[in-house]
Amino acid sequence: MHSLPRLLLRPAVVTTAAMLLGAAPQDAPSRSGTDARARGVALHQKRDYTQAIAAFAEAIRLDPKDALAYYDRATSYAETHDLDKAVEDYDAAIKLDDRLALAYFGRGRVWAARGDFDKAIADYDKAVGVDPNDALARFARAQAKAAKGDLDTAIADYDEAIRLDPSRALPYLSRGDAWREKKDYDKAVADFNHAVRLNPRLADAFQARGSAYFALARYPEAVDDFTEAVGIDPQFTQAYRARGTTWFELSEYDKAVADYDKALALDPKDACACYGRGRARAQAGDNDKAAADYSKAIELTPGYADALAARGAVRVAQGRFAEADADLDKALTIDSRNAVAAIHRARLLAACPDDALRDGPRAIELADLACELVHGDSLHALQALAAAFAENDRFDEAVAWQSKALPLAKTSEDRTKAQTRLELYRNRQPLRDPAP
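Residues numbered from 1 in each chain as written. Predicted model: local features only at pLDDT ≥ 70, side-chain atom pairs only at ≥ 80, totals over all residues. Heavy atoms only, no water.

## Examining the overall build of the protein chain
On a plain count of helices and strands, the protein chain comes out with 24 helices and zero strands. Taking 22 Å as the expected radius of gyration for a compact globule of 436 residues, we find that the protein chain reaches 29 Å, considerably beyond that expectation. In terms of principal-axis extent, the alpha carbons of the protein chain reach across some 100 × 35 × 35 Å. Taking all 436 residues of the protein chain together, 51% fall into the buried category. In the protein chain, of all internal contacts separated by at least 6 residues, the share reaching a separation of at least 24 is 51%. Just so you have it, the protein chain exposes about 20,200 Å², and 49% of that area is on carbon and sulfur atoms. Once the 61 positive and 70 negative side-chain charges of the protein chain are each reduced to a mean point, those two points are 2 Å apart. (Helix = DSSP H or I, 4+ residues; strand = E, 2+ residues; numbered from the N terminus. Rg over C-alpha atoms; globule rule 2.2 N^0.38 Å. Buried < 20%, exposed > 50% of the residue type's maximum accessible area, 1.4 Å probe, protein only. Contact = heavy atoms within 4.5 Å. Areas by Shrake-Rupley, 256 points an atom, 1.4 Å probe, with all protein chains shown as cover. Lys, Arg positive; Asp, Glu negative; His and termini not counted. Charge placed at Lys NZ, Arg CZ, Asp CG, Glu CD.)

Structure representation (structure tokens):
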């Protein structure tokens, strides 16, 4: 559910200088040059960027010192994704007029689009230096800082952008993302509330607020927000996936599978949706389909440790112990602190019916790690540790840990199984999984 702060690297429509300023500069070019630039602006507004570039080129030919014409042509180049030429024209505009904040801002957007956030911030600094009241430049600088992980300074810029122009939803949305990244979910929700009020059709704001509600374990509210998001944008893959994950937490496994199905229909290469659907299917008891989903997730993203761990757990349940052993070992090689892999690997080492796959001391080591990773608050981790002690003939400790695990069993089935294990250890017998 976690996401990085949004990166609005450049506006959906790059605004020309004439569109922003509404007038020709003081030292205007010749009338024919002005007319050529006006034609370029009109063509840009119609999204005919190729012809707009030609018109701006004519304006520059007629007046090579028209900084705004270079800026305007750069905006059209940016729209055609010819970023090298855009930078050249922004450079030319700045050379002619080093107080042209728009050109610094535009060039900063190009650097941001290329992932060079240090250069972007340097240009936004210059834009803000020329015009300290430019809310958009402060917002763009905040985006670049957030992309670098400088969340505190980004938030300060978002604050100022909002103070200068409190009417825009995106700064609230992005500042909320920064608070969410800092795990200050209440502040994140407050900002997302502002964004939703300012733009009730902003699907990203509902998606973001749903993610914050999810982090706060406010699952019904999260479902409502994800539902709003897909209602506004039925192609919003991430919102379907997030709602599926929320249904999973609510133990609504059929609904979770349905949402993951929708996400995968929109993006068949969404490895996270494959993994999520596998988890829901495993909880519903469909281990074969769960294993197939995990395998697809691993195919799409080789080295997906969580999917390997989950498939290993399913393989244990299927009695495919050698395959489980391989999956769990690989998951731990990729991520040595993967709690799911540690739990099920410890269980396999302690309880596998194949003598060659058991290793009591290693089982205790991994079960100890698992308990540390989940802070001792997991039925499966504590039961793995109890099974590991039993495999080492340390039955008093096995009884003690199984007794601690018993209150964590939530379902009647889990409680019955936990009690059966406790009796097994009291009778000084180790746990053994059924042979395939």
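## Some details on the pattern of salt bridges
Taken as a whole and judged by the stated rule, the model has 43 salt bridges. The closest approach of N and O atoms between Arg 141 and Asp 125, which form a salt bridge, is 2.7 Å. Here Arg 141 is found in helix α8 (residues 135–148), whereas its partner Asp 125 is found in helix α7 (residues 117–130), with 16 residues between them in sequence. According to the relative accessible area criterion, Arg 141 is buried, its value standing at 11%. You can call Asp 125 partly exposed: its relative accessible area is 37%. The closest approach of N and O atoms between Asp 152 and Lys 182, which form a salt bridge, is 2.8 Å. On the criterion of sequence distance, the pair formed by Asp 152 in helix α9 (residues 151–164) and Lys 182 in the loop between α10 (169–181) and α11 (185–198) is long-range, its members being 30 residues apart. (Salt bridge = Lys/Arg side-chain N within 4 Å of Asp/Glu carboxyl O.)

## Some thoughts on the confidence of the model for the protein chain
Here the protein chain averages 93 in pLDDT, while 93% of its residues score no lower than 70. When the criterion is pLDDT under 50, residues 1–14 qualifies, and its contacts beyond four places in sequence or with other chains add up to 48 contacts. Here residues 18–30 is modelled with pLDDT under 50, and outside its nearest four sequence neighbours on either side it reaches 19 contacts, counting other chains as well. (pLDDT = per-residue confidence, 0-100.)

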